[in-house]
Each structure stands twice: as C-alpha cells, then as structure tokens.
Number of protein chains: 2
Amino acid sequence: MEIIERKPRNREQTRSGILKTAKAIARREGWQAVSIRKIADAIEYSAPIVYEYFDSKDVLLDEIRNEGFRHLYQEYDRILTVYRDPEKRLFEISLVQWEFARQQPEIYQVMYNLDGALCSLPVHQSEAMQAVSRIVCKTIFSFIPKAEESIRRLYFQWWSVSHGMITLAMLLKNEQPIEQSEQVYRETMRRFVRDLR
Amino acid sequence: MEIIERKPRNREQTRSGILKTAKAIARREGWQAVSIRKIADAIEYSAPIVYEYFDSKDVLLDEIRNEGFRHLYQEYDRILTVYRDPEKRLFEISLVQWEFARQQPEIYQVMYNLDGALCSLPVHQSEAMQAVSRIVCKTIFSFIPKAEESIRRLYFQWWSVSHGMITLAMLLKNEQPIEQSEQVYRETMRRFVRDLR
DNA sequence: TCAGTCAATTAACACCGTTAACTGAGATTA
DNA sequence: TAATCTCAGTTAACGGTGTTAATTGACTGA
C-alpha cells in the first residue's frame, strides 16, 4: 500500500508547486498575467486539479499573502532575539520590511493588493497579519510603555511611513534610483525611532 | 449641415459618459468589475463603440487617472491663491489630498493601481502628475529655499507619509474608524510641516 | 436609381475562473 | 476469472473578458 504514503507527500509537493509557480509568473509578468490555466500548464496538470488544492484563486492568493506575513513575522522574531535595545529593534525591523519588499515585490504586492494583484479576502482578518501587528506593537511598547490606544497609533504611524515610502519607491524607481530612496527611507525610519523616546 | 455641429457635441458627451460610467461601476463594484461591455451597456451602445473613443482599456484608465491628477492640481492651485503662509499652504494641501481619497476612492485607486485597478501606462510619465509634483515642490521651496535635490527629498517624504496613511486608513477602515485615522493624519501632517521650519 | 459613406452592429478569437461530465486504470468483490 | 467499484485526472462546457474583422443599414450625392 504505497499509495497512502506516496499520495500525501506528492500532494504537499504539488501544493507548494502551485504556490511557487504562481509567484514565479507574477514576478516575471505581473499578477494580472497569473491564471489558473497557466499555473496548471507549468506543473503539468489540467486546470481543475488546482481546485483540489485551493477552493478558488482568491484562496490561493490569500495563502501567498499569509506566507508573506508569516515570513515577515519570523524575521521580526529573529531580530528580537538578536537585539535587546528597543530602538535598534524597531529600526532593524524597518530595514527588514524594506528588504522584503525589495527582494520579493510580487509578495508585497499581493499582501496589499498592489499593481493589479487582487485578493478579495479581507487582509485585516488574516491571523498571520495580526501576529505581525502584535509583534511590532510589542516592540514599540517595550520602550514606550503607554496605553494600548497610544501604541496602536504609533504603530499606525510607523506602518504608514514605512509602507508609503516602499510603495512610492516602487512607483518611482524608474526616475528615482532605488538606492536613493533607500537612503531616505533609512534616515526617515532612523529619525522616527529616535523621536519615539 | 447640422452634422458638423451635432456630431462633435454628442461625441464629447459620449466620451465623458464612458468615463463617468466606468467610475460609477468602479465605485459600486470595484475596478475588477469594470468591463468594456458593461460600460457599453450602460451608455446603450455596443462594445466596439468604446474603442472609437479610447484605443484600449488601459488608455481609458489612464484618462481617469489624469483627470484625478488634474483635479488635484486645481485644488492645490486654489489653495495657493487663498493662503499666503507656506506652512498653512502645505497643511491645507495635505488635507485636500485626504479629502480627495476619502470622497473619490475609486479615482485614488486607479491613480496608484490599488485594489485591483491596473493601468499599465507608467504613471511617472503622466504630465498631469508631474504638474502636481511641481506645484507641491514649489510650495515646499517657498519656505525652505534649498537645492532642488533637497526639495525633491522632502517632497518624497511628504508624499510617502500622506500616501501611506491614506492607503492604510482605507485598508483598516473596518477595524479602525476613519475619523480616528483622520485625526492621526492631521496631527502627523501638522507636525511634518512644522518640522520643516 | 445607383453607388458611396459611415455609424453602428453582430460575430469571432483567444483568453479567463469555475464546474459538471466523462475517461480509464487499478483495486475489490462475487 | 469476470464484474463492479473507486478515484485521479481529463475534456467539455458556461458565461464572462479585451479586442478586431466583417457586416448591416440608413442616408448622401450623382
């Protein structure tokens, strides 16, 4: 009865193959070019097979989005173990956010429905995203022990500045070199965490 | 020969009817639901007629985008005539940006390719957008007369903070009341313009 | 009356997400 | 052994998409 052993293993491989292929097409041609049929072709199956792994395209995109948030969470968590100084922590977290958006723009796009990517499942209900929010809020709280309401405001501000610069840097990258944007980003985030004290 | 007179007039009406219909559908059902056939139905024509006014869907979206930037330009220009104090000017411009995104979110979406809207013509080549950039840079320059390079950096920062807060406020509007986001926005932009001195 | 013009239409092409119906090979049972 | 069942994987289909070619049909000028 090899079937019971081989099937689940291949199943997991096929599933991650679907996700990997979707990301590869998005990276190469943009999210508007990602179709179920194209994914199926790439993994050498017919289109309906994809629906045995994901109920809909929306659910597939949602999984990629959550992968992104989980990846971010792990990176943030790693930073908390490496650095003790809260200021250093938040600054390093900011840099990781930048680096992530820079190296995996297609993931960042689907996380925030950017550039034609559209996942209609509400992102604020994502457990993975909420975990990211909590870990950043915790970091802010660790050196600004204020009321929860204040922390959420500071988090909203930090997130806005970071996200705004990242998306505009992407948008303008053909006329404003990414290195220049990165420099401004570093200075701005540096100042933000300094002013928190 | 009424034809020479009636035709152009109706033509202009039809054209703006197409644009108006596209925006109405986008507002009601989101940009992913905007199709050429649906627009044609609404204006009581067949689909190919739309192509006599716009070469492609991309061009149609580009026009809506430019309408948005031109509208913003006019509002900013009006503020420059109303207020003389540079600090006041930039703050009021910030508030107009917020109000615009709040009242016409579907336009803001297509301007920045948000939430499934996708116009593949590069936005940084839009003359209307460049005019907006110039008028804001001019405003910043008027009370921080620095080198052009510095002005562009300050503009990038202002734009990022404003755009970041607007997009995140939209994203989180179901769990963080828009009034609360607006309050944080006002405080943040107030502080930004104050710190410019 | 005939030919020409031209706005507007229908029909078509190659895609899309999604689902139902079908195939065919291997396992199970009589 | 022969018949039945299971089930992974397929093809076919539905209604939609952007876009273009072919076609209609009413009005114009000769």
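Residues numbered from 1 in each chain as written. Chains lettered and ligands numbered in written order. Predicted model: local features only at pLDDT ≥ 70, side-chain atom pairs only at ≥ 80, totals over all residues. Heavy atoms only, no water.

1. What about the domain arrangement of chain A?
Residue and element names in this part refer to chain A. Heads up, the condition is: Domain ranges listed in this record stem from an automatic or a database domain assignment. In what follows, residue pairs with any heavy atoms lying within 4.5 Å of each other are defined as contacts. A quick way to say it: buried area is the sum, across both parts, of accessible area lost when two parts are put together, with a 1.4 Å probe. Throughout this description, the term salt bridge denotes a Lys or Arg side-chain nitrogen within 4 Å of a carboxyl oxygen of Asp or Glu. Polar contact criterion, stated in full: a pair of N or O atoms within 3.5 Å, where within protein one must be able to donate a hydrogen and the other to accept it, and residues adjacent in sequence count only if both atoms are side-chain atoms. Secondary structure elements follow DSSP: runs of H or I of four or more residues count as helices, runs of E of two or more count as strands, with numbering from the N terminus. Under this grouping Gly is polar, as are all residues other than the nonpolar Ala, Val, Leu, Ile, Met, Phe, Trp, Tyr, Cys and Pro and the charged Asp, Glu, Lys and Arg.
What the domain assignment reports for chain A is domain 1 (1–54) and domain 2 (57–196). One C-alpha centre belongs to domain 1, the other to domain 2, and the line joining them spans 28 Å. Contact with domain 1, which involves 13 residues of that partner, is made by 15 residues of domain 2. With both chains or domains summed, domain 1 and domain 2 bury close to 1200 Å², and 67% of this area falls on carbon and sulfur atoms. It is K23, R27 and W31 that lose the most area in domain 1 upon contact with domain 2, and together they represent 50% of the buried surface on that side. For the pair domain 1 and domain 2, the number of links is three salt bridges. Remark: the boundary between domain 1 and domain 2 carries six residue pairs in polar contact (both at pLDDT 80 or more). Looking at the side of domain 1 that touches domain 2, the element that brings in the most residues is helix α1 (residues 3–29), giving seven residues. Split into classes, the residues belonging to the side of domain 1 that touches domain 2 amount to 10 nonpolar, no polar and three charged.

2. Digging into the interface of chain A and chain B
The interface is formed by 35 residues belonging to chain A together with 35 residues belonging to chain B. Contact with chain B buries surface across chain A, with H124, F156 and L168 of chain A losing the most and accounting together for 20% of the total. At the junction of chain A and chain B, the tally comes to two salt bridges. Mapped onto the side of chain A that touches chain B, the elements with two or more residues apiece are α8 (148–171) and α9 (178–196) of chain A. Of the residues assigned to the side of chain A that touches chain B, the class counts are 14 nonpolar, 15 polar and six charged.

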